[in-house]
Amino acid sequence: MSKIDVGILGATGTVGQEFIAQLADHPWFTVSWIAASERSAGKAYRDATPWRLSCHRPECVADMVVERVMPTRAPKLVFSGLDASVAGDVETEFARSGHVVVSNARNHRMDPLVPLVIPEINADHLQLLSMQGAARDWPGRIVTNPNCSTVVLAMALAPLRTFGLRQVVVSTLQAISGGGYPGVASLDVLGNVIPMVRGEEPKLETETQQILGSVNAEGVEPYPVTVSAATTRVPVINGHTELVSAVLDKSPTVAEIVDALRNFSGRPQELGLPSAPSQPVLYLDEEDRPQPRLDADRNQGMTVCVGRLRPCPVLGYKFVAMGHNTVRGAAGAAVLNAELMKAEGLL
Ligand SMILES: NC(=O)c1ccc[n+]([C@@H]2O[C@H](COP(=O)([O-])OP(=O)(O)OC[C@H]3O[C@@H](n4cnc5c(N)ncnc54)[C@H](OP(=O)(O)O)[C@@H]3O)[C@@H](O)[C@H]2O)c1
């Protein structure tokens with residue numbers, strides 16, 4: 001099979017670097033075009049990008065010239081790790097020019113005709129793409145993945161739908177890398193907790209309903225769960241931890257919920273997609289896990305870890321969930337979306 005050329009919008013940023021790492025040896029995709037801001041355009045990738053991942057910068061991109069975010073020379077499939085201040089207009093322009101944009105940015109996520117996809121949970125939401133084609137003035141397509149903290153929450157909640165998921169209270173302890181580079185100043189975050197991540201709480205509360213929801217003639221019917229979120233930034237490099245309490249209609253035992261989490265799997269596992277983790281949700285029995293430093297990289301960062309499931313005297317059940325924010329919560333999520341689209345004949 002010949003590989004599909006792909007481009008990366010925002011290739012120099014935190015998520016962009018993770019895209020480069022995820023795609024360097026990908027069996028289906030090959031990076032042939034990269035773009036970023038005017039600050040980087042015209043420079044070789046090695047000069048434009050202070051590489052900050054612990055893996056080596058792949059040699060295949062080192063001498064590639066960073067282009068402007070214009071669709072003219074880009075391949076049909078582009079991943080977007082653009083800053084939200086520009087992502088909306090740029091992604092629309094690419095879709096208008098016939099490109100398929102697989103985006104991390106928030107700008108198009110709540111558009112009723114743009115699929116907001118976690119392939120294990122709602123692969124069927126890709127059917128919105130045909131409605132998008134009919135209703136929008138663009139021949140291309142836009143597909144999004146959720147906010148990094150929403151991915152962790154939604155993956156942990158999806159297996160609980162079978163018990164009638166009704167109310168959720170979640171408090172997050174979010175890694176610094178979630179804010180991009182340079183992110184929060186070290187003097188603000190070291191030895192500290194910042195009790196707010198700007199704009200994050202509404203995303204957790206609405207994107208979760210959207211992802212767990214079902215597609216109808218108008219778009220997505222949100223899943224009837226009420227989510228209340230409180231978000232914090234903590235001095236952790238990678239891995240968002242979330243403390244979750246959930247009210248369920250039924251009264252399963254703790255063992256039954258653990259079974260549901262452990263047995264959860266979806267379309268990526270059925271199709272054997274290259275980036276699909278064998279176990280999308282890993283339940284850890286140790287009472288002091290999951291921990292971001294020890295567990296964020298499990299299954300190349302694509303698994304969400306859950307632990308400490310126990311009864312909650314106020315809200316039914318409580319547990320801890322944790323996932324890698326720039327992999328499962330960003331670049332890895334988008335690559336998995338593109339793999340799903342390819343496998344389903346949508347590219
Ligand atoms: N970090 C995470 O964990 C995470 C998770 C999920 C979603 N996201 C979303 O993913 C996107 C990227 O986040 P990030 O953390 O990678 O941010 P980042 O490190 O600040 O990178 C932003 C990227 O956007 C480019 N850019 C900025 N302004 C631009 C402009 N005016 N025109 C063209 N390109 C421009 C930057 O290029 P230069 O280097 O040339 O400035 C850089 O490549 C955001 O929308 C964010 O909300 C991030």
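Every value quoted in this text rests on a predicted model; they were computed, and no experiment measured them.

**Q** Give me the overall build of the protein: which residues, what numbers.
**A** Counting secondary structure elements, the protein contains 14 helices and 14 strands. Relative to the 2.2 N^0.38 estimate, which gives 20 Å for 347 residues, the radius of gyration of the protein is 19 Å and therefore close to what a compact globule would have. Judged by the C-alpha coordinates and their principal axes, the protein covers about 60 × 50 × 35 Å. The 347 residues of the protein split such that 55% are buried. The long-range fraction of contacts in the protein, counting pairs at least 24 apart against all pairs at least 6 apart in sequence, stands at 74%. On the protein, roughly 14500 Å² of surface is accessible, and the fraction owed to carbon and sulfur atoms is 50%. Charged side chains in the protein number 30 positive and 36 negative. The centres of these two groups are separated by 2 Å.

**Q** For the sheet that holds strand β14 (residues 316-323), give the residues involved together with the corresponding values.
**A** On the basis of which strands lie adjacent, the open sheet formed by six strands has the order β10-β7-β11-β14-β13-β12 and mixed pairing. One side of each edge strand has no neighbouring strand; the edge strands of this open sheet are β10 (226-233) and β12 (281-284). If you compare each strand with its neighbour and ignore which way they point, the axes differ by 25 degrees on average. Contacting β7 (165-174), β10, β11 (240-248), β12, β13 (304-312) and β14, helix α7 (residues 148-157) crosses the sheet at an angle of about 40 degrees to β11.

**Q** Now, about the nonpolar core: what can you tell me, with residues and values included?
**A** With 39 residues, the main nonpolar core has I121, L157, L160, L165, V168, V306 and F319 as its most contacted residues. Per element, the largest residue contribution to this core is seven residues, and it comes from α7. Core analysis: the next-biggest nonpolar cluster, separate from the first, contains 38 residues, A36, L129, A338 and L340 among them.

**Q** Break down the pattern of salt bridges for me, with residues and values.
**A** Across all of its chains, the model carries 14 salt bridges by this definition. For R328, the salt bridge identified is with E120, shortest N-O distance 2.7 Å. Here R328 is found in helix α14 (residues 327-343), whereas its partner E120 is found in helix α5 (residues 119-122), with 208 residues between them in sequence. Assigned by exposure class, R328 and E120 land together as buried.

**Q** Provide a residue-level description of the site of the ligand, including the pertinent values.
**A** By nearness alone, 27 residues border the ligand, and T12, V15, S37, R39 and S40 come closest of all. Between the ligand and the protein, one listed contact pairs an oxygen atom with a backbone N or O atom of V15 at 2.7 Å. In the environment of the ligand, an oxygen atom lies 3.2 Å from a nitrogen or oxygen atom belonging to the backbone of D83. Burial of the ligand by the protein chains amounts to 82% of its free accessible area of 910 Å². Secondary-structure elements contributing two or more residues to the shell around the ligand are α1 (14-23), α4 (84-96) and α14.

**Q** Talk me through the side chain of R328; I want residue IDs and the actual numbers.
**A** Take R328: its relative accessible area is 2%, and that puts it in the buried class. Not counting the four nearest positions on each side in its chain, R328 is found in contact with I118, P119, E120, V151, M155, P277, G301, M302, V304, A333 and L336.

**Q** Go over the packing of aromatic side chains with me, naming the residues and quoting the values.
**A** Tallying each qualifying case throughout the model produces five aromatic pairs. Ring centres of W28 and F29 lie 6.4 Å apart, and the angle between their planes is 85 degrees; this geometry places the pair in the edge-to-face category. For W28, a relative accessible area of 17% puts it in the buried group. You can call F29 buried: its relative accessible area is 1%.

**Q** How would you sum up the sheet that holds strand β1 (residues 4-9)? Please name residues and give values.
**A** One open sheet accounts for six strands, arranged β3-β2-β1-β4-β5-β6; its pairing is parallel. What marks the edges here is a single partner per strand, and that holds for β3 (66-67) and β6 (141-144). Note: strand β4 (residues 77-80) against strand β5 (residues 100-103), four bridges, orientation parallel. Bridging from a neighbouring strand, F79 pairs with V102 of β5.

**Q** Can you tell me about the side chain of H324, naming the residues and giving the values?
**A** You can see H324 is positioned in the loop between β14 and α14. Judged by its relative accessible area of 5%, H324 is buried. For H324, the side chain forms a polar contact with the main-chain nitrogen of T326, separated by 3.3 Å. Look past the residues within four positions of H324 in its chain and what remains in contact with it is N238, G239, A296, D297, G301 and G329.

What counts as what
- Residues numbered from 1 in each chain as written.
- Predicted model: local features only at pLDDT ≥ 70, side-chain atom pairs only at ≥ 80, totals over all residues.
- Heavy atoms only, no water.
- Helix = DSSP H or I, 4+ residues; strand = E, 2+ residues; numbered from the N terminus.
- Rg over C-alpha atoms; globule rule 2.2 N^0.38 Å.
- Buried < 20%, exposed > 50% of the residue type's maximum accessible area, 1.4 Å probe, protein only.
- Contact = heavy atoms within 4.5 Å.
- Areas by Shrake-Rupley, 256 points an atom, 1.4 Å probe, with all protein chains shown as cover.
- Lys, Arg positive; Asp, Glu negative; His and termini not counted.
- Charge placed at Lys NZ, Arg CZ, Asp CG, Glu CD.
- Pairing = 2+ DSSP bridges.
- Axes fitted to C-alpha atoms, helices over the stretch in contact; angles between N-to-C directions.
- Core = buried A, V, L, I, M, F, W, Y, C linked by side-chain atoms within 4.5 Å.
- Salt bridge = Lys/Arg side-chain N within 4 Å of Asp/Glu carboxyl O.
- Near = heavy atom within 4 Å.
- Polar contact = N/O pair within 3.5 Å; in protein donor to acceptor, adjacent residues only side chain to side chain.
- Phe/Tyr/Trp six-rings, centres within 6.5 Å; stacked < 30°, edge-to-face > 60°.

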